[in-house]
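Structure at a glance
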Amino acid sequence: MAGGSSSTSVAGVWRQGVRALLAEVSDAIVSVFFPAGCRICETLLTSASRVPICADCLASFARVPAIVCEICGRPLPGLARKEGEPLLCPACQDRTYAFEKARSFAVYEGAVVRAILLLKFEQIEPLGAWFAERLTELVNTEAAALAADVVVPVPLHRERQRERGYNQAALLSKPLAKKLRLPHKAVLLMRTRARPDKQVLSLEERWESVRGAFATRPGSQVDNLRVLLVDDVLTTGATLDACARALREAGAKAVIGLTVARAVRNPLPSSIEW
Ligand SMILES: [Zn+2]
Ligand SMILES: [Zn+2]
């Protein structure tokens, strides 16, 4: 018999069949013995995926539209790119941010808000990995502009991290670094001042609460590196900006912000209202 590789042999075919059968059986076992509802709509989950959200809810996340500010990624509905001119929001025309670019996967509304709460408060790692795949796709659509040397999560203050036991941004940045085949540096940045306890912060308070609140860890090497900075939500951009300033001061060449979601109804950090 020519060839005789295991995939065409009787044993190989049998093994493949068994494997397919086992996959089917394991799905069935999971749904019989661990009947779980989608954590968003409560539809019974029938696949053995470890992401506790159904396919319909995952598909319902509203993607950030295609026309965005070239720097901060803010959607700019109704605007068109003028030949030879970058499309910039008023904040970026004022050079507000210290990061070179920021991009997000989804608009912070509807089901994605609940998904991010699950990530944040229940440490659902498979969901972090699912979002990391979406962020990888996002990076690949603008590969040259978003190219980086290292992936860094936005850090929590150490007391907050001790309370929670993990940093939700690292649940995204770690699998993202793996997919992009970049080094992951979870301890490169640190938050030196905690967020105020107040639940709702005004726009000014948001900027004030993060100004100078981050620093690079002594001895960490960022010189001349392009840093991919990862967080769950971009609200005003103040946090990414404060982290980017700390990284740039330590010698980073550029900082690219990447978040799962972004709030679009928030006013801009300039006086111009939209
Ligand atoms: Zn669902
Ligand atoms: Zn902008």
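Here's what I pulled together on the structure shown here. (Residues numbered from 1 in each chain as written. Chains lettered and ligands numbered in written order. Predicted model: local features only at pLDDT ≥ 70, side-chain atom pairs only at ≥ 80, totals over all residues. Heavy atoms only, no water.)

1. What to know about the packing of aromatic side chains
Each pair of aromatic rings is reported with the distance of its centres and the angle of its planes. If you walk through the whole model with that rule in mind, you get eight aromatic pairs. Each ring, one from Phe-61 and one from Trp-130, has its centre 5.8 Å from the other, and the planes form 75 degrees; the classification is edge-to-face. Of the two residues, Phe-61 sits in the loop between helix H2 (55-60) and helix H3 (90-93) while Trp-130 sits in helix H5 (residues 125-141), which places them 69 residues apart along the sequence. For the pair formed by Phe-61 and Trp-130, the shared burial category is buried. In textbook terms, an aromatic cluster arises when at least three aromatic residues are bridged by ring pairs, as seen for Phe-61, Phe-105, Trp-130 and Phe-131. If you follow Arg-134 out to its NZ or CZ, it ends over the ring of Trp-130, 4.5 Å from the centre. (Phe/Tyr/Trp six-rings, centres within 6.5 Å; stacked < 30°, edge-to-face > 60°. Helix = DSSP H or I, 4+ residues; strand = E, 2+ residues; numbered from the N terminus. Buried < 20%, exposed > 50% of the residue type's maximum accessible area, 1.4 Å probe, protein only. Lys NZ or Arg CZ within 6 Å of the ring centre and 35° of its normal.)

2. Description of the coordination of the zinc ion (ligand 1)
Within the protein, the zinc ion (ligand 1) binds to Cys-38 (SG), Cys-41 (SG), Cys-54 (SG) and Cys-57 (SG); these donor distances fall in the range 2.3 Å. Around the zinc ion (ligand 1), the four donor atoms are arranged such that angles at the metal cover 106 to 114 degrees; this shape is classified as tetrahedral. Each donor residue of the zinc ion (ligand 1) lies on one chain, and together they are spaced C-x2-C-x12-C-x2-C. Residue Cys-38 is located in the loop between helix H1 (10-33) and H2, and its partner Cys-54 is located in the loop between H1 and H2; the two are separated by 16 residues in the primary sequence. (Donors = N, O, S within 2.8 Å, 3.2 Å for Na, K, Ca; no water. Tetrahedral: all angles 85-135°; square planar, octahedral: opposite > 155°, others 65-115°.)

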